[in-house]
Amino acid sequence: MNAVVIAVIVMLILSLLRINVVFALVVGSLVGGLTGGLGIATTIETFTGGLGGNATVALSYALLGAFAVALTKTGLPDAVVAGAIKLVGREGETKRKTLSKVLIIFMILIMAIFSQNVIPVHIAFIPVLIPPLLKVLNELQVDRRLIACVLTFGLITPYMYLPVGFGAIFHGIMKQNIEDAGLVIALSDIPNAMMIPSLGMVVGLLVAVFISYRKKRVYETREIEGQEMSNPYTNKSIVIAIIAIVVSLAVQLYLSQVIGVEGMIFGALAGLVVLYVSGILKLKEADIVITNGMKMMAFIGFVMITASGFASVLKETGHVDKLVADAVDLINGNQTVGALLMLIVGLLVTMGIGSSFSTIPILTTIFVPLCLELGFSPLATIAIVGAASALGDAGSPASDSTLGPTSGLAADGNHNHIWDTCVPTFLHYNIPVILFGWIAAIVL
């Protein structure tokens, strides 16, 4: 039995049974390590040694949570709610509420897409933008599973198709690894090849919006921890809140785009400094506000850290490469079966590792020579590798693309990471991307 398949299945089953995701990842890594022949000592050693891999991201989430809660001292959430209520109108104004719902969903979609290219801050905007909108979404009775699908679409589709921002990084990694595996391609070929798989994401989004989650869903209105201490807002406090957000984003962009280092931690710190200096955040309140914000993001941080250990164990077993090799044996020269199996293997690997960017080097080593042997065109090969790498980013309990949406939507405890983010995004995106990736492999 392949250790990767066993570990991923155990982790997913435990998660679906509503066992805490951190616990599911720990048990999955133990089962995977033992199945892969590492033994208990090596498995535990590898797992604990790998925990630091996502420590930077975990700390980033914690500080962004602190910044988000500190922003409540400006009264920004109340201002957002007040403005939205004016937009929504009173009870009975059905047409106006429908338009407001469309506008808010569209705004969230645009923000998610822009976070990958125009203002490439990735998931950093979610803990700041989404929690203040939860009361508004409750007022409009919007199904949060729809918002999870909208956010995940915006976090994945742009890097799959557009060669800018994070897409430029994804396409660059693809080009380098495909060429290292023996196939010379042009960067301009990648968007052409990834158009059909990306259409799978579009179809999934349309199904979520117009079929799966179009009905109203009622949520209990709860206070977000720390927001119950928010101050009444004034014009001055809202201006300071906007300045703090702009400074935070500017610092993140400067550090990541100009200097080339991770910017989320220091971006969040810069925003907090603005709130300190302005006097909005008092020194005597700072400890409790920042602690509340970190508590809000603690779950996300622990999942990211544990997922890093889980991925380390899977890689150490050597069964990731074995899984790819086993798929090659099953293909037996059949193009149609080959394309489908390669996509499914990509799904399993990314679900386990939690990163499509890290999956590319694993898959290209064997998939590219196999595609050449099976007679796939260069565009079809790119489509298979790109779609196989991106598959699983949606739906994986350990992926940024699911943890990010949960970090905002679960701020008031009304949203479950597995059943309200992972399952909906898995069903709406992985299934159509497998189908459209398969079509791309055949027609290109």
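Below: a short report on this structure. (Residues numbered from 1 in each chain as written. Predicted model: local features only at pLDDT ≥ 70, side-chain atom pairs only at ≥ 80, totals over all residues. Heavy atoms only, no water.)

### Description of a nonpolar patch on the surface
Okay, so step 1: Taken together, the side chains of Met195, Leu199, Val202, Leu206, Phe210 and Ile211 present a nonpolar region at the surface, about 550 Å² in accessible area.
Okay, so step 2: Along the chain, the position of leucine 199 falls in helix H10 (residues 189-212).
Okay, so step 3: Residue leucine 199 is classed as partly exposed on the basis of its relative accessible area of 41%. (Patch = residues over 30% accessible without salt bridge, like charges linked within 9 Å, V, L, I, M, F, W, Y side chains within 5 Å. Areas by Shrake-Rupley, 256 points an atom, 1.4 Å probe, with all protein chains shown as cover. Salt bridge = Lys/Arg side-chain N within 4 Å of Asp/Glu carboxyl O. Helix = DSSP H or I, 4+ residues; strand = E, 2+ residues; numbered from the N terminus. Buried < 20%, exposed > 50% of the residue type's maximum accessible area, 1.4 Å probe, protein only.)

### Considerations on unusual backbone geometry
Okay, so step 1: Positive phi is not limited to glycine here, since arginine 18 has a value of about 70 degrees.
Okay, so step 2: As for its placement among the helices and strands, arginine 18 is situated in the loop between helix H1 (3-16) and helix H2 (21-35).
Okay, so step 3: One non-glycine residue with positive phi stands out, namely glutamine 141, at about 55 degrees.
Okay, so step 4: On the secondary structure map, glutamine 141 appears in the loop between helix H7 (126-140) and helix H8 (144-161).

### Structural notes on the environment of isoleucine 245
Okay, so step 1: Its location among the elements puts isoleucine 245 in helix H11 (residues 235-259).
Okay, so step 2: The spacing of isoleucine 245 and cysteine 422 is 177 residues in sequence and 29 Å in space, taken between C-alpha atoms.
Okay, so step 3: Excluding residues within four positions of it along the chain, isoleucine 245 makes contact with Phe67, Leu71, Leu76 and Val128. (Contact = heavy atoms within 4.5 Å.)

### Concerning helix H15 (residues 335-353)
Okay, so step 1: Here H15 contains 19 residues, and its C-alpha end-to-end distance of 27 Å stays within 8% of the 27 Å for a straight helix at 1.5 Å per residue.
Okay, so step 2: Taken together, the buried positions of H15 are Gly338, Ala339, Met342, Leu343, Val345, Gly346, Leu347, Val349, Thr350, Met351, Gly352 and Ile353.
Okay, so step 3: Between the side-chain oxygen of the N-cap and the backbone nitrogen of threonine 336 there are 3.0 Å, and the N-cap of H15 in question is asparagine 334. (Expected span 1.5 Å × (residues − 1). Polar contact = N/O pair within 3.5 Å; in protein donor to acceptor, adjacent residues only side chain to side chain.)

### A short note on the packing of H8 against helix H9 (residues 166-180)
Okay, so step 1: At their nearest, the axes of H8 and H9 sit 7 Å apart, and the two run at 50 degrees to each other. Considering the angle they form, H8 stands oblique to H9. Both H8 and H9 take part in a crossing whose hand is right-handed. Each of Pro158, Tyr159, Met160 and Tyr161 in H8 lies in contact with H9, whose residues at this interface are Phe166, Gly167, Phe170 and His171.
Okay, so step 2: For the contact of H8 with H9, the class distribution of residues is six nonpolar, two polar and no charged. (Axes fitted to C-alpha atoms, helices over the stretch in contact; angles between N-to-C directions. Parallel < 35°, antiparallel > 145°, perpendicular 65-115°, else oblique. Left-handed = near helix turned anticlockwise from the far one by under 90°. Nonpolar A, V, L, I, M, F, W, Y, C, P; charged D, E, K, R; others polar.)

### Some points on the pattern of salt bridges
Okay, so step 1: Enumeration over the complete set of coordinates arrives at five salt bridges.
Okay, so step 2: Across the pair arginine 217 and aspartate 143 runs a salt bridge, and its minimum N-O distance is 3.5 Å. On the criterion of sequence distance, the pair formed by arginine 217 in the loop between H10 and H11 and aspartate 143 in the loop between H7 and H8 is long-range, its members being 74 residues apart.
Okay, so step 3: Of the residues examined, arginine 217 reaches a relative accessible area of 29% and is grouped as partly exposed.
Okay, so step 4: Each of the salt bridges in this network shares a partner with another, and the network as a whole consists of Asp143, Arg145, Arg217 and Asp420.

### What about the packing of aromatic side chains?
Okay, so step 1: One pass over the full model with this rule turns up two aromatic pairs.
Okay, so step 2: Judged by centre distance (6.4 Å) and plane angle (40 degrees), the rings of phenylalanine 153 and tyrosine 429 are tilted. With a gap of 276 residues between them, phenylalanine 153 in helix H8 and tyrosine 429 in helix H19 (residues 417-443) connect regions that are remote in the sequence. Both residues of the pair, phenylalanine 153 and tyrosine 429, count as buried.
Okay, so step 3: Taking the ring centre of tyrosine 219 as reference, the NZ or CZ of arginine 144 above it sits at 4.5 Å. (Phe/Tyr/Trp six-rings, centres within 6.5 Å; stacked < 30°, edge-to-face > 60°. Lys NZ or Arg CZ within 6 Å of the ring centre and 35° of its normal.)

### Regarding H9
Okay, so step 1: For H9, spanning 15 residues, the distance from its first C-alpha to its last is 21 Å, which sits close to the expected 21 Å at 1.5 Å a residue.
Okay, so step 2: Those residues of H9 that sit buried are Gly167, Phe170, His171, Met174, Asn177 and Ile178. Angular distribution of buried residues about the axis of H9 spans 140 degrees; they occupy a single face of the element.
Okay, so step 3: On its buried face, H9 is in contact with H8, H10, helix H16 (356-374) and helix H17 (378-390).
Okay, so step 4: Two residues or fewer past H9, glycine 182 is found with a positive phi of approximately 115 degrees. (Arc of directions from axis to C-beta.)

### Let's talk about the packing of H9 against H17
Okay, so step 1: At a minimum axis distance of 11 Å, the contact between H9 and H17 shows a crossing angle of 125 degrees. As the angle between them shows, H9 and H17 are arranged oblique. Like other packed secondary-structure pairs, H9 and H17 cross with a definite hand, here right-handed. Every residue of H17 that contacts H9 at Phe170, Met174 and Ile178 is listed here: Ile382, Val385, Gly386 and Ser389.
Okay, so step 2: Grouping the amino acids of the contact of H9 with H17 by side-chain chemistry returns five nonpolar, two polar and no charged.

### As for the environment of glycine 404
Okay, so step 1: In this fold, glycine 404 is placed in helix H18 (residues 400-409).
Okay, so step 2: For glycine 404 and leucine 151, which are 253 residues apart along the polypeptide, the C-alpha to C-alpha distance reads 8.3 Å.
Okay, so step 3: When residues no more than four places from it in sequence are discounted, the contact partners of glycine 404 are Tyr61, Ile123 and Ile126.

### Here we look at the nonpolar core
Nonpolar side chains in soluble globular proteins tend to be buried together.
Okay, so step 1: Counting residues in each nonpolar core, the largest one holds 129 residues, and the members touching the most others are Met342 and Phe376.
Okay, so step 2: Of all the elements, H8 adds the most residues to this core, at eleven residues.
Okay, so step 3: In this view, phenylalanine 376 contacts Gln335, Ala339, Met342, Cys371, Thr381, Ile384 and Ala441; residues no more than four positions away in its chain are not counted. (Core = buried A, V, L, I, M, F, W, Y, C linked by side-chain atoms within 4.5 Å.)

### Observations concerning the side chain of arginine 144
Okay, so step 1: Examined against the element boundaries, arginine 144 turns out to sit in helix H8.
Okay, so step 2: Exposure remark for arginine 144: the relative accessible area of 1% places this residue in the buried category.
Okay, so step 3: At 2.8 Å, the side chain of arginine 144 forms a polar contact with the side chain of aspartate 412.
Okay, so step 4: The residues touching arginine 144, leaving out its near neighbours within four places in the chain, are Leu134, Asn138, Tyr219, Leu409, Asp412, Asn414 and His415.

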